[in-house]
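Observations on chain architecture
Listed below, chain by chain, are the residues.
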Amino acid sequence: QQQVRQSPQSLTVWEGETAILNCSYEDSTFDYFPWYWQFPRESPALLIAIRPVSNKKEDGRFTIFFNKREKKLSLHITDSQPGDSATYFCAVNTGGLSGKLTFGEGTQVTVIS
Amino acid sequence: NSKVIQTPRYLVKGQGQKAKMRCIPEKGHPVVFWYQQNKNNEFKFLINFQNQEVLQQIDMTEKRFSAECPSNSPCSLEIQSSEAGDSALYLCASSLQGANTEVFFGKGTRLTVV
């Protein structure tokens with residue numbers, strides 16, 4: 001059972017546009033949703049995270065919108081820059097206190113100038 | 001920047017050989033994770049520890065994978081008898097506590113089984 005799903009698989013946007021990445025999850029008890037980004041030949045790094053007490057989390061040009069009822073969230077990258085080109089992973093804490101993260105399949109974002 | 005140190009960065013093994021990789025978590029982080037990332041970028045959680053104790057692990061019934069985090073020594077992940085399907089990037093990560101905190105990843109050990 002795929003606990004975390006992402007779409008689209010890949011996304012190309014022009015510099016300055018808004019990129020929208022989608023994520024959905026299975027279990028309504030999940031309570032921590034980090035997004036990681038990974039550049040080629042690099043390890044993943046935390047970009048931004050949200051907990052269900054909020055329906056929006058903003059950090060600069062990156063915003064998470066969270067819909068608990070539909071078990072969906074999205075990452076918006078406004079004013080996209082070529083340096084944002086990376087693979088973005090939605091993750092969910094599926095391990096409770098152990099902190100085990102389950103990752104989605106990733107969305108490869110390419111920003112062209 | 002992550003201060004999780006993984007060695008070696010690259011590892012090439014023949015089928016049936018042992019493969020061992022090590023990880024030094026960020027100082028002060030008691031929780032250590034191991035993930036496998038395959039060529040399709042899919043992550044697979046393997047095991048995590050708090051100090052020396054296992055918190056959670058996948059069913060390693062194949063018994064080919066083993067891991068430990070001894071006190072005052074690097075953590076390690078070992079594959080007893082490597083198979084071609086084990087070729088992947090093995091990522092070690094650490095955090096201050098298990099749940100709902102930032103997890104910092106090391107640069108990984110890329111294992112190729114030939």
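Conventions used here
The residue numbers shown here count from 1 along each chain, following its written sequence. Here every chain gets a letter starting at A, and every ligand a number starting at 1, in the order they are written. Side-chain atom pairs in this predicted model are given and counted only at pLDDT of 80 or more, local residue features only at pLDDT of at least 70, and totals for whole chains, interfaces and linings cover all residues. The side-chain quantities take in all heavy atoms of the structure and omit both hydrogens and water. Per the convention used, a helix needs a DSSP run of H or I reaching at least four residues, while a strand needs a run of E reaching at least two, with both numbered from the N terminus. The globule rule used for comparison is 2.2 Å times the number of residues to the exponent 0.38, while the radius of gyration itself is calculated over C-alpha atoms. For every residue, the accessible area (1.4 Å probe, protein chains only) is compared with the maximum for its type, and the residue is labelled buried under 20%, exposed over 50%, or partly exposed between those bounds. Any two residues whose heavy atoms approach within 4.5 Å at even a single point are treated as in contact. Residue-level accessible areas treat just the shown protein chains as cover; the underlying method is Shrake-Rupley with a 1.4 Å probe. We score Asp and Glu as negative and Lys and Arg as positive, and we do not count His or the chain ends. For the purpose of locating charges, the reference atoms are NZ of Lys, CZ of Arg, CG of Asp and CD of Glu. Two parts placed together each lose some accessible area; with a 1.4 Å probe, that loss summed over both constitutes the buried area. The salt bridge definition used is simple: a Lys or Arg side-chain nitrogen within 4 Å of an Asp or Glu carboxyl oxygen. Nitrogen and oxygen atoms within 3.5 Å of one another constitute a polar contact, given that in protein one can donate a hydrogen and the other can accept it, and given that sequence-neighbouring residues count only through two side-chain atoms.

**A word on the overall build of chain B**
Looking only at helices and strands, one finds zero helices and 11 strands in chain B. Along its sequence from the N terminus, chain B presents helices and strands in the succession β-β-β-β-β-β-β-β-β-β-β. Here the C-alpha atoms of chain B give a radius of gyration of 13 Å, agreeing with the 13 Å that 2.2 N^0.38 yields for 114 residues. When its C-alpha atoms are laid out on the principal axes, chain B stretches across 35 × 30 × 25 Å. Within the span of chain B, comprising 114 residues, buried residues form 46% of the whole. Across chain B, every contact between residues at least 6 apart in sequence was considered, and the portion connecting residues at least 24 apart equals 52%. Accessible surface, chain B as shown: approximately 5900 Å² in total, 45% of it carbon and sulfur. Of the charged side chains in chain B, 13 are positive and 10 negative, and the gap between their average positions amounts to 8 Å.

**Some details on the interface of chain B and chain A**
Each partner contributes residues to the interface: chain B has 20 residues there, and chain A has 20 residues. Summing both sides of the interface, chain B and chain A together bury roughly 1700 Å²; the carbon and sulfur share of this comes to 53%. The three residues of chain B that bury the most area against chain A are F43, N100 and F105 of chain B, which together make up 34% of that side's buried surface. Two residues, K107 of chain B and E42 of chain A, come together in a salt bridge whose shortest N-O distance is 3.9 Å. Linking chain B with chain A are eight residue pairs in polar contact (both at pLDDT 80 or more), by the criterion used here.

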